[in-house]
Amino acid sequence: MGTYLIAAVAAAIIYRIGREVVGSFRHPDDDELLDYWRDVTKTEDRSAYRQISEHLGACDKCRDRLDELRKRPGGPGADAPLIERRY
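Conventions adopted
- Residues numbered from 1 in each chain as written.
- Predicted model: local features only at pLDDT ≥ 70, side-chain atom pairs only at ≥ 80, totals over all residues.
- Heavy atoms only, no water.
- Helix = DSSP H or I, 4+ residues; strand = E, 2+ residues; numbered from the N terminus.
- Buried < 20%, exposed > 50% of the residue type's maximum accessible area, 1.4 Å probe, protein only.
- Contact = heavy atoms within 4.5 Å.
- Phe/Tyr/Trp six-rings, centres within 6.5 Å; stacked < 30°, edge-to-face > 60°.
- Lys NZ or Arg CZ within 6 Å of the ring centre and 35° of its normal.
- Salt bridge = Lys/Arg side-chain N within 4 Å of Asp/Glu carboxyl O.

(A) Structural view of the overall build of the chain. Within the chain one finds 5 helices and 0 strands. Starting at the N terminus and walking to the C terminus, you meet the elements of the chain as α-α-α-α-α. The proportion of buried residues among the 87 residues of the chain is 29%. Restricting to contacts in the chain with at least 6 residues of sequence separation, those with at least 24 account for 55%.

(B) Looking closely at the packing of aromatic side chains. Going through the model one piece at a time under the given rule, you end up with 1 aromatic pair. A centroid spacing of 5.0 Å and a plane angle of 25° characterise the contact between Y36 and Y49, whose relative ring orientation is stacked. Placement of Y36 in helix 2 (residues 30-37) and of Y49 in helix 4 (residues 46-58) is noted, with a sequence separation of 13 residues between them. The two residues Y36 and Y49 agree in class, both being buried. R70 extends its terminal NZ or CZ atom over the ring of W37, reaching a point 4.6 Å from the ring centre.

(C) A look at the pattern of salt bridges. The full count for this structure, using the stated rule, is 4 salt bridges. For E32, the salt bridge goes to R26, with nearest N and O atoms at 3.2 Å. Relative accessible area serves as the criterion here: at 43%, R26 is assigned to the partly exposed category. A salt bridge links D30 to R65, with the nearest nitrogen and oxygen atoms 2.9 Å apart. Highlighted residues: D30 in helix 2 and R65 in helix 5 (residues 60-71), separated in sequence by 35 residues. Take D30: its relative accessible area is 30%, and that puts it in the partly exposed class.

Shown next as C-alpha cells:
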C-alpha cells in the first residue's frame, strides 16, 4: 500500500514538472504576448506568466515578435518611443 502511495505522489510530481517544462517551450500567440505585456497574465495566471517570462528569456523570435506588436499603431507602447524591454 505504501509503495502505491509513493508511486502516485512521484507520478504527480513528475507530471507537474513535465507540464511546466513543456509549457516553457511553447511559443505564445500574439494575444498571449500582449496580455503578458499589459500585465493581464500576471494578475490572472501566475503560472502562465512565469512560463511566458521563461520562454521570452530563451526565444529571440518571440522577443522580436513582442517588440513588433508593441510598435504597431495603437499597440501598447506605440506612444512611448523609448520603451525598454522588461524581459
